[in-house]
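# Descriptive analysis of the structure
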Amino acid sequence: MANQTVISPETILRMAQEVLGTPITEKESQLLATLLSNLRIETIAMHSLDVADAEPVTLYEARP
Amino acid sequence: MEMPKTCREIVAAVQSGRLSAREVVEHALARAERLEQEWPAFTTVTPELARRQAHRVDQWLAAGRRLPLAGVPVAVKDLIDVQGVRTSCGSLVFQDHFARANATVVRKLVSAGAVILGKTNMHEFAFGFTGENANYGDCPNPWNRDCFAGGSSSGSALAVALGICPVALGSDTGGSIRFPAAFCNLVGLKPTYGRVSRSGVFPLAWSMDHVGPLTRTAADAAIVLRAIAGRDRSDRTTVRQLVPDYEGGLEEPLAGLTIGLPRSGFFETSTPEVARIVQVAADVLTACGAKTVDVELPYLSEVLGVHRTTIFSEAATVHRELLDQRGELYDRNIRLLLLAGLFLPAVDYVKAQQVRQVIRKAWADVFRSVDCVLTPAAPIATAQFGQKTVTLPQGEVSMLRACLGWTLPFDVTGHPAISVPCGFTPAGHPVGMQLVGRPFDEGTLLRVAHRYQLQTDWHCREPLC
């Protein structure tokens, strides 16, 4: 996961059009590519952590 | 008569009849008007509403009612609904959006005798930490206009720091109460997740949003928290946990209290002057009878990833339809941040929630041996508008890490956390310490903060405005 190629502006543009149905500009696709690349770096440690069989926190779990 | 400055003092004056609620609110409105050109603390000031409410408070008092927030003017971050008033969230997207009802926290404040002064400026949709806002004006730091006030509750911080009102409500999803509080020499309290209702508060990220007060004193924060905390049927994440008398518990001594100081990740990665000032604050608490011990908070690298994944995914979901319907009205930078979340795989979000569970359990173990943890509220004391990076002992870091790196972990886990003024740098910038407590133990945080403020006077300093 840490070595995965980050998504390209061209792919972002196509995904926005074909998958999300949300129009974005070419400039935005380039900026998003950078943003997502930075986000990938920030989440390396999270993705690398072995969570074993931990269940996800649920939104409505409010316990002391 | 000199106008009292704190919530406690105003309540005493108004409840006793020395001042009327109307006199107090007129003073606040006049100050807001005098400062508005230079300091864009508000998106909407509500003078008619405030006067009506003040008049009603005076009537209630004349009828013999006791009101815990009698006559206190309160500013409310502009993502919190006030009936009949625009909730803009700092954005053109909501420039015509008027609230049909009060948010639960507003309803509670008004029932307690508070008077709503207006809606405060903020980083658009709360998705930022500088307080810059192209629509309503950037919020400068009252201690240095070249620097930002911090956000996203920037206007709320300004309203209190400038002495317009003693209390403002903010919201905190990554540090947006505590960070501007630290930058503006204020107390900023992020309660435990589920302690205060989010009903009527426009979300940034549902699972990490918290509503809380910015004040000058811990005592004021205690009074406000008592008024706004509690179970709310319209917010199912709120808990049935009894709301303690936070103010009543403030005077308990600190003897026997154990405060954890993290061995890594906070002090040695802050600027040396911030670390030194906060260490001195810890020493003050030791002198007051508390014991300090070293602790280790594991998974600090992982918690950043959890926060980023969660906030991007949830915020994108909140705004999905609005981006399609009104996308052109968003600030360009905010729009990009919101769009980014649309491209994150669902499995990333679920992984983040799994890691969140692991972190929560690990940190629960830490809090078995300490009553609270003390850290700097931020590794820096100031940042200029337009600044992109900061030099810390470990090297050049992004502004996000520099501003929110020490606060966001506790939005992920939901622990209560408070920022308290604890000194000034030689250049005159305020420094805040952060106290983090066990879930639903805001009382300990407030008690420690209050004791600290009895021993020091940092919180009494006011900017020259």
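Just so you know, these numbers come straight off a predicted model, no measurement behind them.

### Thoughts on the overall build of chain B
When you go through chain B residue by residue, the secondary structure sums to 14 helices and 15 strands. Taking the principal axes of its C-alpha atoms as reference, chain B extends roughly 60 × 55 × 45 Å. Taking all 465 residues of chain B together, the buried fraction comes to 68%. Taking all contacts inside chain B whose residues are at least 6 apart in sequence as the whole, residues at least 24 apart take part in 77%. When the accessible area of chain B is evaluated, it comes to approximately 16,100 Å², of which 49% is carbon and sulfur surface.

### Focus on the sheet that holds strand β8 (residues 210-215) of chain B
All names here are of chain B. In spatial order, the strands read β1-β3-β2-β6-β8-β7-β14-β15-β11-β9-β10; together these eleven strands make up an open sheet with mixed pairing. Whereas interior strands pair on both sides, the edge strands pair on one side only; in this sheet they are β1 (42-45) and β10 (291-295). For this sheet, the mean angle separating the axes of adjacent strands, direction not counted, is 30 degrees. Looking at chain direction, strand β14 (residues 417-424) and strand β15 (residues 430-437) are connected through seven bridges and run antiparallel. The residue of β15 that forms the bridge with F424 is P430. Lying on the sheet, helix α14 (residues 442-455) is in contact with β7 (187-190), β11 (372-376), β14 and β15; it crosses β14 at an angle near 15 degrees.

### Things to note about unusual backbone geometry
Residues and elements named next belong to chain B. Across the junction of G151 and S152, the peptide omega takes the value 15 degrees, indicating a cis bond. Inspection of the secondary structure assignment puts S152 in the loop between β5 (144-148) and α5 (154-161). A positive phi angle, near 55 degrees, is found at F125, a position not held by glycine. As for its placement among the helices and strands, F125 is situated in the loop between β3 (115-120) and β4 (140-141).

### A short note on the packing of helix α4 (residues 104-111) of chain B against helix α7 (residues 218-228) of chain B
Residue and element names in this part refer to chain B. Between α4 and α7, the shortest axis-to-axis distance is 8 Å and the interhelical angle comes to 110 degrees. The angle between α4 and α7 falls in the class roughly perpendicular. Like other packed secondary-structure pairs, α4 and α7 cross with a definite hand, here right-handed. Seen from α4, the contacting residues are V105, K108 and L109; seen from α7, they are V224, A227 and I228. Its residues assigned to classes, the contact of α4 with α7 comprises five nonpolar, no polar and one charged.

### Some remarks on the interface of chain A and chain B
Taken together, the contacts link 32 residues of chain A with 41 residues of chain B. Broken down residue by residue, the surface that chain A buries against chain B is led by E42, M46 and V57 of chain A, which jointly contribute 20%. Taken together, the links from chain A to chain B amount to three salt bridges. Among the ionic pairs, R308 of chain B bridges to E42 of chain A, the shortest N-O distance being 2.7 Å.

### Some words on the environment of A70 of chain B
For A70 of chain B, the position within the fold is in the loop between α3 (47-62) and β2 (73-77). Among all residues touching A70 of chain B, those that are not within four sequence positions of it are I10, V11, V14, Q15, V57, L61, A112 and G113 of chain B.

### A few points about the nonpolar core
Core analysis: the biggest nonpolar cluster contains 168 residues, and L69, I80 and L374 of chain B have the highest contact counts within it. Core analysis: the next-biggest nonpolar cluster, separate from the first, contains 17 residues, V397, A402, C403 and L404 of chain B among them.

### Concerning the side chain of S91 of chain B
All names here are of chain B. Checked against the element boundaries, S91 lands in the loop between β2 and α4. Side-chain polar atoms of S91 contact the backbone nitrogen of V93, separated by 3.0 Å. Beyond its immediate sequence surroundings of up to four residues, S91 is in contact with E124, F125, N135, Y136 and L329.

### Some words on the side chain of D441 of chain B
All names here are of chain B. Among the secondary structure elements, D441 is positioned in the loop between β15 and α14. The side chain of D441 is buried and forms no salt bridge, while R438, the nearest opposite charge, is found at 4.2 Å. At a separation of 2.7 Å, a polar atom in the side chain of D441 contacts the side chain of T444. Those residues within four positions of D441 in sequence are excluded, and the remaining contacts are T192, D371 and P416.

Here is what the cut-offs are and how they apply
- Residues numbered from 1 in each chain as written.
- Chains lettered and ligands numbered in written order.
- Predicted model: local features only at pLDDT ≥ 70, side-chain atom pairs only at ≥ 80, totals over all residues.
- Heavy atoms only, no water.
- Helix = DSSP H or I, 4+ residues; strand = E, 2+ residues; numbered from the N terminus.
- Buried < 20%, exposed > 50% of the residue type's maximum accessible area, 1.4 Å probe, protein only.
- Contact = heavy atoms within 4.5 Å.
- Areas by Shrake-Rupley, 256 points an atom, 1.4 Å probe, with all protein chains shown as cover.
- Pairing = 2+ DSSP bridges.
- Axes fitted to C-alpha atoms, helices over the stretch in contact; angles between N-to-C directions.
- Parallel < 35°, antiparallel > 145°, perpendicular 65-115°, else oblique.
- Left-handed = near helix turned anticlockwise from the far one by under 90°.
- Nonpolar A, V, L, I, M, F, W, Y, C, P; charged D, E, K, R; others polar.
- Buried area = accessible area lost by both parts, 1.4 Å probe.
- Salt bridge = Lys/Arg side-chain N within 4 Å of Asp/Glu carboxyl O.
- Core = buried A, V, L, I, M, F, W, Y, C linked by side-chain atoms within 4.5 Å.
- Polar contact = N/O pair within 3.5 Å; in protein donor to acceptor, adjacent residues only side chain to side chain.
- Lys, Arg positive; Asp, Glu negative; His and termini not counted.

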